[in-house]
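# Understanding the architecture of this molecule
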Amino acid sequence: MTILLVFGKEDAQCEAFRKAADKGNYQTTLTKTPESAIESFAENQQDLVIIDCRHSKHFDAVKLCKTLKERHPRGHSRFLALTNKCDKDEPSVLPLLNAGFSRRLVENTNITSCYNELLSIDHSELEYRSHQQVQTSAAMYHALNHVSESIEITDSKFRTEFVNRLWEKQTGYSSKEVIGTEFQDKLQVDNCNEEQTLVYHAKKNQIWEGQQSIRRKNGDIIRCKCRIIPMMSNSNTASRYILVRQTVDGYSQWDRLKDIDSKTHGMMYQRRKDSITRFHTMTIETPLSRVINMLYEAQTSSGTGNIVHSALEKVLDILQSTELFSPHIHQVKEEDPLTSDYVDGLCDRTAINSQTNRQIYGQKSSISSSSSKLQVGVASKQSLSMYKPSAEVQSLLQGNATWSFDIIQLESLTNKNVLVPLGIKIFERFGAMELLGIDEHVMASWLKLISDNYHSGNPYHNATHAADVLQATAYFLDKMRPKKLLDAQEEIAALIAAVIHDVDHPARSSSFLVNTKNDLAILYNDIAVLENHHAAKGFQLTHKSDNSNILKNLDREVYESLRHNVIDMVLATEMAKHFEHLQKFIHLCAANIKPVSEDDLEKKSGGSSSAMESGLDSPENRRQILRMVIKCADVSNPARDTHLADRWARRIAEEYFQQTEDEHRKNLPVMMPHFDRNTCSIPHSQYKFMEVFLLSMFEHWDGFLDIPEVYEQLQKNYKYWKDVEIQEKQEKQNAVATETSPATPAVLS
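Below or above, wherever it landed, is the structure these notes cover. (Residues numbered from 1 in each chain as written. Predicted model: local features only at pLDDT ≥ 70, side-chain atom pairs only at ≥ 80, totals over all residues. Heavy atoms only, no water.)

## Here we look at the overall build of the protein chain
Within the protein chain, the secondary structure is distributed over 35 helices and 10 strands. Per-residue burial for the protein chain yields a buried fraction of 50% across its 749 residues. Restricting the contact set of the protein chain to residue pairs at least 6 apart, pairs at least 24 apart contribute 71%. Accessible surface for the protein chain amounts to roughly 36,400 Å². Of this, 49% is attributable to carbon and sulfur atoms. (Helix = DSSP H or I, 4+ residues; strand = E, 2+ residues; numbered from the N terminus. Buried < 20%, exposed > 50% of the residue type's maximum accessible area, 1.4 Å probe, protein only. Contact = heavy atoms within 4.5 Å. Areas by Shrake-Rupley, 256 points an atom, 1.4 Å probe, with all protein chains shown as cover.)

## Description of a nonpolar patch on the surface
On the surface, a nonpolar cluster with roughly 230 Å² of combined accessible area is contributed by Val93, Leu94 and Leu97. Taking relative accessible area as the criterion, Leu97 reaches 40% and is therefore assigned partly exposed. (Patch = residues over 30% accessible without salt bridge, like charges linked within 9 Å, V, L, I, M, F, W, Y side chains within 5 Å. Salt bridge = Lys/Arg side-chain N within 4 Å of Asp/Glu carboxyl O.)

## Quick notes on the packing of aromatic side chains
The geometry of an aromatic ring pair is captured by two quantities: the separation of the ring centres and the angle between the planes. For the structure shown, the criterion picks out 17 aromatic pairs. One aromatic cluster is present, built from ring pairs that chain together Trp403, Tyr475, Phe476, Phe585, Trp701 and Phe704. Residue placement shows Arg481 over the ring face of Phe704; its charged tip is 5.2 Å from the ring centre. In this structure, Arg640 packs its charged tip against the face of Trp403, placed 4.0 Å from the ring centre. (Phe/Tyr/Trp six-rings, centres within 6.5 Å; stacked < 30°, edge-to-face > 60°. Lys NZ or Arg CZ within 6 Å of the ring centre and 35° of its normal.)

## Observations regarding the sheet that holds strand β1 (residues 2-6)
Spatial strand order, β2-β1-β3-β4-β5: 5 strands in an open sheet with parallel pairing. The strands lining the two open edges of the sheet, one partner per strand, are β2 (27-31) and β5 (103-106). Across the sheet, the axes of successive neighbouring strands diverge by a mean angle of 25 degrees, strand direction being ignored. Summarising the sheet, strand β4 (residues 78-83) and β5 pair through 4 bridges and their orientation is parallel. Bridging across to β5, Ala81 finds its partner in Arg104. Relative to the sheet, helix α1 (residues 12-23) contacts β1, β2, β3 (48-52), β4 and β5, its axis offset from that of β1 by approximately 170 degrees. (Pairing = 2+ DSSP bridges. Axes fitted to C-alpha atoms, helices over the stretch in contact; angles between N-to-C directions.)

## A closer look at the pattern of salt bridges
Between side chains of opposite charge, pairing is possible as soon as their charged atoms come close. Within the structure shown, the criterion is met by 33 salt bridges. A salt bridge links Arg651 to Glu411; the nearest nitrogen and oxygen atoms lie 2.7 Å apart. Here Arg651 is found in helix α33 (residues 642-665), whereas its partner Glu411 is found in helix α19 (residues 407-413), with 240 residues between them in sequence. Pair check on accessibility: Arg651 and Glu411 agree, each one buried.

## Concerning the packing of helix α28 (residues 529-542) against helix α29 (residues 556-572)
Packing of α28 against α29 brings their axes to within 8 Å, and their N-to-C directions diverge by 145 degrees. Note on packing geometry: the crossing formed by α28 with α29 is right-handed. Contacts from Glu531, Asn532, His534, Ala535 and Phe539 of α28 reach α29 at Tyr559, Arg563, Val566, Ile567, Val570 and Leu571. When grouped by side-chain class, the residues that make up the contact of α28 with α29 number 7 nonpolar, 2 polar and 2 charged. (Left-handed = near helix turned anticlockwise from the far one by under 90°. Nonpolar A, V, L, I, M, F, W, Y, C, P; charged D, E, K, R; others polar.)

## Focus on α33
Between its first and last C-alpha, α33 extends 35 Å over 24 residues, near the 34 Å set by a 1.5 Å rise per residue. One or two positions beyond α33, positive phi appears at Asn667, with a value near 55 degrees. (Expected span 1.5 Å × (residues − 1).)

## Points about empty space enclosed by the protein
A full pass over the atoms with the stated rule returns 2 cavities of 30 Å³ or more. In this structure, the second largest cavity occupies an estimated 30 Å³ of space. Around the second largest cavity, the lining residues are Trp446, Ile496, Ile500, Gly538, Phe539, Thr542, Ile550 and Leu551. Where the lining of the second largest cavity is concerned, the elements lending two or more residues are α25 (488-500) and α28. (1 Å grid on protein atoms, 1.4 Å probe; cavity = no way out; pocket = protein on both sides within 12 Å on 5 of 7 lines; lining within 4 Å. Points joined across faces, edges and corners; volume = space filled by probe spheres on them.)

## Topic: the packing of helix α20 (residues 419-429) against α25
Put simply, α20 and α25 touch, their axes get as near as 11 Å, and they point 170 degrees apart. When the interaxial angle is binned, α20 and α25 end up roughly antiparallel. In contact with Leu419, Ile426 and Phe427 of α20, α25 contributes Leu495, Ile496 and Val499. In terms of residue class, the contact of α20 with α25 is made up of 6 nonpolar, no polar and no charged. (Parallel < 35°, antiparallel > 145°, perpendicular 65-115°, else oblique.)

## A closer look at the sheet that holds strand β9 (residues 221-232)
Here we have 5 strands laid out as an open sheet, ordered β7-β6-β10-β9-β8, and antiparallel in their pairing. Strands with a single pairing partner mark the edges of an open sheet, and in this sheet they are β7 (160-163) and β8 (208-215). Taking each pair of neighbouring strands and ignoring which way they run, the sheet shows an average axis angle of 30 degrees.

## Section: α29
The end-to-end C-alpha distance of α29, which contains 17 residues, comes to 24 Å, matching closely the 24 Å that a straight helix rising 1.5 Å per residue would cover. Turning to α29, its buried residues number three or more, namely Tyr559, Leu562, Asn565, Val566, Asp568, Met569, Val570 and Ala572. The secondary structure elements touched by the buried residues of α29 are α25, α28, α30 (578-592) and α32 (619-634).

## Observations concerning the pairing of β1
With 4 of 5 residues buried, β1 lies mostly within the body of the structure. In this structure, β1 lies alongside β2, joined through 5 bridges in parallel fashion. Across the sheet, the residue bridging to Leu4 is Thr29, located in β2. By the bridge criterion, 4 bridges tie β1 to β3 in an arrangement that is parallel. Looking at β3, one finds that Ile3 is bridged to Leu48.

## What to know about the side chain of Thr573
Position of Thr573 relative to the elements: it lies in the loop between α29 and α30. For Thr573, a relative accessible area of 5% corresponds to the buried category. Separated by 2.6 Å, the side chain of Thr573 and the backbone oxygen of Val570 make a polar contact. Apart from residues no more than four positions distant in its own chain, Thr573 is found in contact with His501, Glu531, Ile630 and Asp634. (Polar contact = N/O pair within 3.5 Å; in protein donor to acceptor, adjacent residues only side chain to side chain.)

## Regarding the pairing of strand β10 (residues 238-247)
Bridge count for strand β6 (residues 150-155) against β10 is 6 bridges, and the pairing is antiparallel. Of the residues in β10, the one forming a bridge with Ile151 is Val244. Bridge analysis of β9 against β10 gives 9 bridges, and the strand direction is antiparallel. Its bridge partner being in β10, Met231 is matched across the sheet by Arg240.

## Focus: the nonpolar core
Formed by 109 residues in total, the largest nonpolar core has its most connected members in Phe427, Met443, Trp446, Phe476, Phe698, Trp701 and Phe704. With residues near it in sequence (within four places) discarded, Phe476 still touches Trp403, Pro482, Val629, Cys632, Ala633, Phe698, Trp701, Leu705 and Ile707. Counting residues in hydrophobic clusters, the runner-up holds 18 residues, among them Ala16, Ala20, Ile50 and Cys114. (Core = buried A, V, L, I, M, F, W, Y, C linked by side-chain atoms within 4.5 Å.)

## What to know about unusual backbone geometry
What you tend to see is this: most non-glycine residues have negative phi, and most peptide bonds are trans. A positive phi angle, close to 65 degrees, is found at Phe158, a residue other than glycine. Within the secondary structure layout, Phe158 lies in the loop between β6 and β7. In the Ramachandran plot, Asn415 falls in the positive-phi region, its phi being about 55 degrees despite a non-glycine side chain. By secondary structure assignment, the location of Asn415 is in the loop between α19 and α20.

So this is what it looks like as structure tokens:
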């Protein structure tokens, strides 16, 4: 038995318990403050916790007991309250029991008495059985949180007593919102009597199975297979009901297609069929990708279960794990210098090579390794109060789960302080505060701290961009495939990565930092300079103050896993690895998602959901999907509503213009010379960026997530920019014609 002693000061009673524990060979830990007690209990989960309740001046013993119990509500530990001897009427033990104490001990400094007390606790058959039952219950709760179905347990009146994590993920509600409430009504679909049927069968005290439509918190309707299991009492009545739900494949969008005519229905099926087929027919041509496609064909032809098939599978795994995905862009330098600028500039190809061809002065950039001063500490409660959303902001935030969400309007309403209100809303939607074990103030303080370390003077890489990427990341995570593949910890890691992915961005590229021999480039050996800095800076800020450390309550294993995922995703935003990540994503989809045949469509609705996807759930494939989530979110603003895409395009162009001017002033290699504010065509630069980097990526991303609203908007904006370029050219031609035409002679009257 392990023992935790919590005494404000070491006295005779404390010493008596320590000697008694030593006599019984019990391992003992002594703490003197609530903070150290909480830390020790979190790490060791001692079997017995003895809290000194005699001296209220040291700490609040009742509050401490409640805190420890709340942190580990399903633990096996027993809590004992040490109280003073009472000469008068003995006080009631009820307040101590209500606080979570299992029994009370009256002070007694006799070592033998203390030893006997510990022996009684350790060897009592009742205590032992209780201990084992609690441990078994804790294991059962743990198991329920890792099953593949959502579980809800209610009392006889359908008041919710327990929901597992998958239930929270499936419905969008947190356990805190539903425990103790009659929650079935909120899940009920309008004009639907299925819920009544469910309750009807439950009251018959029979096991019932069937299908049920439920409404998620965000309003989406999902279809579930449902089983109700009554738990019968001795009086032959149900004391509890256990509701087990499993999502039916293809639930959300296909249920809503019931009222659509068959022609439109068929077109939707065909679009899903085409999007899956794209993974197998549309790839970016690289030497390695051609080899891999040939090997896939050979593997398919060889059949399964033979040596050739197994050998080819190993070869494909090896090839896809290497850094060999680099696209060939033919004749681009002669035909379109701007596209060449994009590929070379954004992929950092010319940062070092061009140094040998131009004279470079040894001066350092004005951007130092700490390009903005570290915001030490955390926002005070007073400073955070100004970020309490106004009614107008709250109204706008209601649409945070839609693709049409207007981040520019939010920027205007909040005076550029967008990250705190939007971040709170999104992290709350994903249950982050509960998962991380923190309150809203810690989350708000962290968001404020990160926001302050984005440079508000940057035209593009500022806190508004971070908030925009966060909103897009949350939007993608809400889709069906990520919901089925990723766990809550991976979702939270993606949201954190989105928030910090460009923190402390200096509004200059990694190539610029390399060419100026900036401290950051020296520190990171010219490799992914900015991405490494963003990841490191994000964690540095997070750990700077306990008041804003959202990761402080995580277990070591969970923290290390989450940190690894966050860093991996931030590094994936490096454009130099764009084609590598995209090619790997295409191949993992081609290998694990079976194309939908015409027979499949006739047998079962649901498009992509009828595809075979078992291989997608591997750790490496989930990491690749997370990389694509943040990559697509990072460059998603060209796929926003046209008026938003236009604003973002002009902001990024302004940032490139400023870098080009800075490079000219410092006599540095000009990384993207066509971004000269006097000659550059923003429309041309935008649709060329879409052609090179976005159209293929979002086409495949749409095929994976089923997000036609995003891909179709990208196509609309592509046409918009081409039309604007034509219009600008026509206006220039008209202006030139007007300037060169002879003046009309005056007519004498």
